[in-house]
Amino acid sequence: MKRLLLAALRLLRAPSAAVGAAILLVVLGAAACASWLFPDDPLEMVGAPFTWPGEDPAFPAGTDLMGRDILAGLFHGARVSLLVGGASAAIALGIGLLVGAFAGYAGPRTDAVLMRITELFQTVPSFLLAIVLVAILGPSLSTIIFALGITSWTGIARLTRGEFISLREREFVRAAQTLGAGHARIIFREILPNALPPIIVTTAVLVAHAILSEAGLSFLGLGDPNVVSWGSMVGAGREALRTAWYMTALPGLTIMATVLALNLLSDAINDALNPKLRRRRVAAPAPAAPRA
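Here is a short report on the structure shown in this document. All of these numbers come straight from a predicted model, not from anything done at the bench.

What counts and what doesn't
Residues numbered from 1 in each chain as written. Predicted model: local features only at pLDDT ≥ 70, side-chain atom pairs only at ≥ 80, totals over all residues. Heavy atoms only, no water. Salt bridge = Lys/Arg side-chain N within 4 Å of Asp/Glu carboxyl O. Helix = DSSP H or I, 4+ residues; strand = E, 2+ residues; numbered from the N terminus. Expected span 1.5 Å × (residues − 1). Core = buried A, V, L, I, M, F, W, Y, C linked by side-chain atoms within 4.5 Å. Buried < 20%, exposed > 50% of the residue type's maximum accessible area, 1.4 Å probe, protein only. Contact = heavy atoms within 4.5 Å. Axes fitted to C-alpha atoms, helices over the stretch in contact; angles between N-to-C directions. Parallel < 35°, antiparallel > 145°, perpendicular 65-115°, else oblique. Left-handed = near helix turned anticlockwise from the far one by under 90°. Nonpolar A, V, L, I, M, F, W, Y, C, P; charged D, E, K, R; others polar.

### So, the pattern of salt bridges
Phase 1 of the analysis: Across all of its chains, the model carries four salt bridges by this definition.
Phase 2 of the analysis: With a shortest N-O distance of 2.8 Å, R68 and D64 are connected by a salt bridge.
Phase 3 of the analysis: A salt bridge links R161 to D111; the nearest nitrogen and oxygen atoms lie 2.7 Å apart. Of this pair, R161 sits in helix 7 (residues 154-167) while D111 sits in helix 4 (residues 108-122); the two residues are 50 residues apart in sequence, bridging distant segments of the chain.

### Quick look at helix 9 (residues 183-219)
Phase 1 of the analysis: Between its first and last C-alpha, helix 9 extends only 46 Å over 37 residues, short of the 54 Å set by a 1.5 Å rise per residue.
Phase 2 of the analysis: G221 occupies a position one or two residues after helix 9 and carries a positive phi of about 85 degrees.

### With respect to the nonpolar core
Phase 1 of the analysis: If you look at the biggest cluster of nonpolar residues, it comprises 47 residues, and the most contacted ones within it are I70, F164, I191 and W230.
Phase 2 of the analysis: Broken down by secondary-structure element, the contributors of at least two residues to this core are helix 2 (15-37), helix 3 (70-105), helix 7, helix 8 (171-178), helix 9, helix 10 (230-237) and helix 11 (246-273).
Phase 3 of the analysis: The element contributing the most residues to this core is helix 9, with eleven residues.
Phase 4 of the analysis: Ignoring any residue separated from it by four or fewer positions in sequence, one finds W230 in contact with V27, G73, L74, G77, A78, S81, P251, T254, I255 and T258.

### Thoughts on the packing of helix 5 (residues 126-137) against helix 9
Phase 1 of the analysis: Viewed as axis vectors pointing N to C, helix 5 and helix 9 meet at an angle of 50 degrees, and their least axial separation amounts to 11 Å. As summarised for this structure, helix 5 and helix 9 are arranged oblique, according to the angle between their axes. Considering the relative orientation of helix 5 and helix 9, their crossing is right-handed. On the side of helix 5, the interface is formed by S126, F127, I131 and V134, while helix 9 contributes H209, S213, G216 and L217.
Phase 2 of the analysis: Across the contact of helix 5 with helix 9, the residue classes tally to four nonpolar, four polar and no charged.

This is the structure we're talking about:
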């Protein structure tokens with residue numbers, strides 16, 4: 001508990017954490033207020049097509065080539081992108097934790113079997129496998145979440161396995177075994193809490209990766225046609241990229257800002273949970289100037 005409190009204090013003092021949290025709070029606020037500010041369906045045609053931002057006060061961000069309100073799409077798309085990112089990261093985290101924990105704790109035979117399964121998933125590019133799954137199962141929000149979650153767990157599994165291998169021989173684990181603690185208690189009550197810091201950092205990156213992957217799927221036409229997402233907005237605007245670049249620029253900038261915020265937060269969390277790494281970076285000597 002004391003370690004977590006110290007990490008939280010270091011996190012609050014980090015400028016990158018403040019910037020990332022501020023951007024993420026804006027995105028979360030947009031997602032929370034979407035139905036209140038824009039109660040109508042964001043896929044409805046509500047104005048004249050190709051209205052540029054600032055041209056009509058009723059549509060501050062303009063309209064797309066179908067006459068849909070871009071600002072309403074950005075607000076409602078925040079809900080879809082955050083839902084896909086969080087839910088798919090949760091699936092990947094659950095699978096990766098279970099596979100990595102048992103691989104690192106159970107012994108060499110179980111480790112060999114589980115790592116061969118992990119390597120099998122790693123032989124196929126995760127985004128390509130997600131495309132195949134969505135194409136087979138049908139483009140829906142639940143299918144996209146499942147496809148992105150089932151293809152993103154391998155990194156978490158390997159990270160968890162490495163942490164368990166390094167922690168399973170520690171004194172506190174030996175003490176728990178001596179006291180008669182069962183395997184489940186040792187895994188989930190003794191080792192896993194001490195292995196969480198790097199996993200938490202990686203989870204933030206997983207959410208960012210899932211948001212980008214959902215945008216890529218929607219851009220390729222494999223998104224849920226019944227909901228609006230930032231990726232589907234970018235995909236719809238590519239047909240008018242030369243004449244109305246704002247249709248792709250606005251959702252693209254929103255994706256970039258959200259991913260940047262998550263990466264800033266992950267770096268700040270990593271520095272807060274690993275102060276030795278931060279001090280090592282600060283104390284590293286500057287590279288020598290090249291000689292004339």
